[in-house]
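Chain by chain, the residues:
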Amino acid sequence: MGAIADGTYHPVVIIVFTAVSRRRRPILIVALLFAVVLGVLGESSDRGTWLPVFAAWAGLTVVLLTLSVVAVSRFRPAALIMRGRAFAAWPNPARVLIASLFLIQGGFLVADGVHDIAAGEELWGFSAAMVAVCACALMVHWRLVWGWYGVQLRADGVHDRQALGSLFIPWDAFVPGYPAVASGSQKVAFHYQHPELVRRRGLRTGDQPATAGSVDATFLARAITEYVSRPEYRSAIGTEAELRRLTAVAG
């Protein structure tokens, strides 16, 4: 399960991670249900119940951890998809898997903390604080997966939406020669000729690199460069024919 030498990916990898991206919300809901069930059953004093629950918890932990490591380190295909009248990357499958892992782990911690509070344990205050911290962490992961974040290419420019803010760069704001370059394997740095045209919302700065997400950063930088240097193709963004052309040119 890894990248092939020529930069393509094993079909199983593509199928698994594409399915995770497509079904990120149902997967998150299923992970939450598993977390609740395992957490409740894990508090059972019945050894016949506890052992299967622990085995299920350990198995899910290993699978989710392994898949998330592969997704983070290896899965960055040179491809975009259509999203409305824009081109975008699939939501990062690693983020979905990590959030599911946190839900499974947090289910046990929250259930144990609630049990201690209900039983009036001596350190119930510590348990309450732990439950609150876990709940906050799980809500953050939930938000990161539920929304659609990342860079989108539109006819009017580049929109980079992240959890803490967004950035919109009209095509005319970029430096014509080198508008975007890969900054590492997962970041894209933007260069502006007219920074006054850039619009920011939230906690975003002008020199903050964009996160490429699940798309190859070099491919994304080439795609942006293509539209800066070839404005005649911008109006076709969001069509299947243009996506095929862009993939052939920037890939």
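Residues numbered from 1 in each chain as written. Predicted model: local features only at pLDDT ≥ 70, side-chain atom pairs only at ≥ 80, totals over all residues. Heavy atoms only, no water.

Enquirer: Would you mind going over the side chain of Glu226 with me for this structure?
Expert: Relative to the elements of secondary structure, Glu226 occurs in helix H6 (residues 217-229). Since its relative accessible area comes to 10%, Glu226 is described here as buried. With residues up to four places along the chain from it excluded, the contact list for Glu226 reads Tyr233, Arg245, Leu246 and Val249. (Helix = DSSP H or I, 4+ residues; strand = E, 2+ residues; numbered from the N terminus. Buried < 20%, exposed > 50% of the residue type's maximum accessible area, 1.4 Å probe, protein only. Contact = heavy atoms within 4.5 Å.)

Enquirer: What is the right way to read the confidence of the model for the protein from this model?
Expert: Close inspection of predicted coordinates is inappropriate for parts of the model with low pLDDT. Overall, the predicted model of the protein reaches an average pLDDT of 82, with 85% of residues at or above 70. Averaged pLDDT values over the elements of the protein bottom out at 72 in strand E9 (residues 210-211) and peak at 93 in H6. Confidence drops under a pLDDT of 50 for residues 1-7, and excluding neighbours within four residues, the segment shows 12 contacts in the predicted structure. (pLDDT = per-residue confidence, 0-100.)

Enquirer: Whenever I open this one, the sheet that holds strand E5 (residues 165-170) confuses me. Can you help?
Expert: What holds strands together in a sheet is hydrogen bonding between their backbones, with the strands either parallel or antiparallel. An order of E1-E2-E3-E4-E5-E8 is seen for the 6 strands of this open sheet, with the pairing classed as antiparallel. The open sheet is flanked by strand E1 (81-83) and strand E8 (199-202), the only strands paired with a single partner. If you compare each strand with its neighbour and ignore which way they point, the axes differ by 25° on average. As defined by bridge partners, strand E4 (residues 157-162) adjoins E5 across 6 bridges and the pair is classed as antiparallel. Looking across to E5, one finds that Asp160 is bridged to Leu167. The strands touched by H6 within the sheet are strand E2 (86-88), strand E3 (150-154) and E4, with E3 carrying the most contacts at an inclination of about 25°. (Pairing = 2+ DSSP bridges. Axes fitted to C-alpha atoms, helices over the stretch in contact; angles between N-to-C directions.)

Enquirer: Would you explain the nonpolar core in this entry?
Expert: Grouped burial of nonpolar side chains is what soluble globular proteins tend to show. In this structure, Leu80, Leu153, Phe190 and Ile224 are the most contacted members of the largest nonpolar core, which totals 30 residues. For this core, the secondary structure elements donating two or more residues are E3, E5, strand E7 (187-190), H6 and helix H7 (240-250). Sorting elements by how many residues they give to this core places H6 first, with 8 residues. In this view, Ile224 contacts Leu153, Val158, Trp171, Phe174, Pro179, Ala180 and Phe190; residues no more than four positions away in its chain are not counted. Counting residues in hydrophobic clusters, the runner-up holds 23 residues, among them Ala31, Leu97, Ala99 and Leu101. (Core = buried A, V, L, I, M, F, W, Y, C linked by side-chain atoms within 4.5 Å.)

Enquirer: Would you explain a nonpolar patch on the surface in this entry?
Expert: On the surface, Leu32, Val36 and Val40 cluster together to form a nonpolar patch covering roughly 250 Å² of accessible area. Looking at the secondary structure, you find Val36 in helix H2 (residues 24-42). Accessibility expressed as a relative area gives 48% for Val36, which makes it partly exposed. (Patch = residues over 30% accessible without salt bridge, like charges linked within 9 Å, V, L, I, M, F, W, Y side chains within 5 Å. Areas by Shrake-Rupley, 256 points an atom, 1.4 Å probe, with all protein chains shown as cover. Salt bridge = Lys/Arg side-chain N within 4 Å of Asp/Glu carboxyl O.)

Enquirer: Help me out: how do you make sense of the sheet that holds strand E6 (residues 180-182) in this one?
Expert: The 3 strands lie next to each other as E6-E7-E9, forming an open sheet whose pairing is antiparallel. Each having just a single partner strand, E6 and E9 make up the two edges of the open sheet. Relative to E7, E6 runs antiparallel, the two sharing 3 bridges. Looking at the pairing, Ala180 lines up with Phe190 of E7. Here H6 sits on the sheet in contact with E6 and E7, set at roughly 170° to E6.

Enquirer: Explain H7 here, please?
Expert: Residue pairs spaced three or four apart in an α-helix point in one direction, given the helix's 3.6 residues per turn. Along H7, the residues that are buried comprise Glu242, Leu243, Arg245, Leu246 and Ala250. All buried residues of H7 lie within an arc of 165° about the axis, which places them on one face of the element. Facing away from the buried side of H7, by more than 90 degrees, are the exposed residues Glu240, Arg244 and Ala248. Tucked inside the fold, the buried residues of H7 contact E1, E2 and H6. (Arc of directions from axis to C-beta.)

Enquirer: Sorry if this is basic, but what is going on with a positive patch on the surface here?
Expert: On the surface, a cluster of positive charge is contributed by Arg25, Arg83, Arg143 and Arg161. Position of Arg25 among the secondary structure elements: in helix H2. Taking the relative accessible area as the measure of exposure, Arg25 reaches 36% and is therefore partly exposed. (Lys, Arg positive; Asp, Glu negative; His and termini not counted. Charge placed at Lys NZ, Arg CZ, Asp CG, Glu CD.)

Enquirer: Explanation requested: the pattern of salt bridges in the structure shown.
Expert: If charged atoms from side chains of opposite charge come close, those side chains can pair. Going through the model one piece at a time under the given rule, you end up with 5 salt bridges. Two residues, Asp156 and Arg154, come together in a salt bridge whose shortest N-O distance is 3.2 Å. Overall, the relative accessible area of 25% leaves Arg154 in the partly exposed class. Glu226 serves as the salt-bridge partner of Arg230, at 4.0 Å between the closest nitrogen and oxygen. Shared partners join several salt bridges into a network, and the residues in it are Glu226, Arg230, Glu232, Glu242 and Arg245.

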